[in-house]
Amino acid sequence: GAGVSQTPSNKVTEKGKYVELRCDPISGHTALYWYRQSLGQGPEFLIYFQGTGAADDSGLPNDRFFAVRPEGSVSTLKIQRTERGDSAVYLCASSLDSGGKTQYFGPGTRLLVL
Amino acid sequence: QKEVEQNSGPLSVPEGAIASLNCTYSDRGSQSFFWYRQYSGKSPELIMFIYSNGDKEDGRFTAQLNKASQYVSLLIRDSQPSDSATYLCAVKNTDSWGKLQFGAGTQVVVTP
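Parameters and conventions
Residues numbered from 1 in each chain as written. Chains lettered and ligands numbered in written order. Predicted model: local features only at pLDDT ≥ 70, side-chain atom pairs only at ≥ 80, totals over all residues. Heavy atoms only, no water. Disulfide = S-S within 2.5 Å. Helix = DSSP H or I, 4+ residues; strand = E, 2+ residues; numbered from the N terminus. Buried < 20%, exposed > 50% of the residue type's maximum accessible area, 1.4 Å probe, protein only. Contact = heavy atoms within 4.5 Å. Buried area = accessible area lost by both parts, 1.4 Å probe. Polar contact = N/O pair within 3.5 Å; in protein donor to acceptor, adjacent residues only side chain to side chain.

Draft legend 1. Fine view of the state of the cysteines. On inspection of all chains with the given rule, the structure shows two disulfides over all chains. Here Cys23(A) engages in a disulfide with Cys92(A); their sulfurs sit 1.8 Å apart. One disulfide, between Cys23(A) and Cys92(A), carries an S-S torsion of -65° and so falls in the left-handed class. Here Cys23(A) is found in strand 3 (residues 19-24), whereas its partner Cys92(A) is found in strand 9 (residues 88-95), with 69 residues between them in sequence. Between the sulfur atoms of Cys23(B) and its disulfide partner Cys89(B) the distance amounts to 2.1 Å. Because the torsion about its S-S bond is -70°, the bridge between Cys23(B) and Cys89(B) counts as left-handed. One end of the pair, Cys23(B), is in strand 3 (residues 19-25); the other, Cys89(B), is in strand 9 (residues 85-93), and 66 residues separate them in sequence. Residue Cys23(B) is classed as buried on the basis of its relative accessible area of 0%.

Draft legend 2. Geometry of the interface of chain A and chain B. At the interface, 22 residues of chain A touch 20 residues of chain B. Summed over both sides, the interface of chain A with chain B buries roughly 1,500 Å², with 54% coming from carbon and sulfur. The three residues of chain A that bury the most area against chain B are Pro43(A), Lys101(A) and Phe105(A), which together make up 33% of that side's buried surface. Taken together, the links from chain A to chain B amount to four residue pairs in polar contact (both at pLDDT 80 or more). For the side of chain A that touches chain B, the secondary structure elements donating two or more residues are strand 4 (31-37) and strand 5 (44-50) of chain A.

Here it is, written out as structure tokens:
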């Protein structure tokens, strides 16, 4: 079956611009997670959703970052006033539920802020 | 202080040998432990998870957990060149059902 998909695969933007990153989880998975990964580092947790609600957003670095999942399926991570330090690979994962042992990762969106 | 620590490597392993990867964690409340493999330019994929003290085997992979020492390891037997990747240790705590905390990963290079 189809795995987690993310669009775009690459995004280049200029400092100060707004970007949206999209994640389409595996069908039927109620839990969805966002991580970001910088070069040479492990993924860093940002936020996770159980259904439509954000169950834990403790990893969002500041108020420039926001994520939604209005219908409990597709999620969008929104970054306002991008900074060069936001450059990273943004990974989305989903699992059957939040207690699910296996988080399945998408291919990621590589964001470069110039 | 990082909550999940791994040696960055690279760990060079001859083909057919055993690769031994180590991971320590700081939160005694950690309950679930995961090993992910990540090929260069790709996303992480789960290899194994372990919850209980002791060993858990799956094919050529064995995970070992010692909660008293806050230590989890991964052994890869009969290493193959296709095992060359970065191996990420991840920990889930009881205070957050979904959140995984990852180490920085250990790069493994299997040489023919």
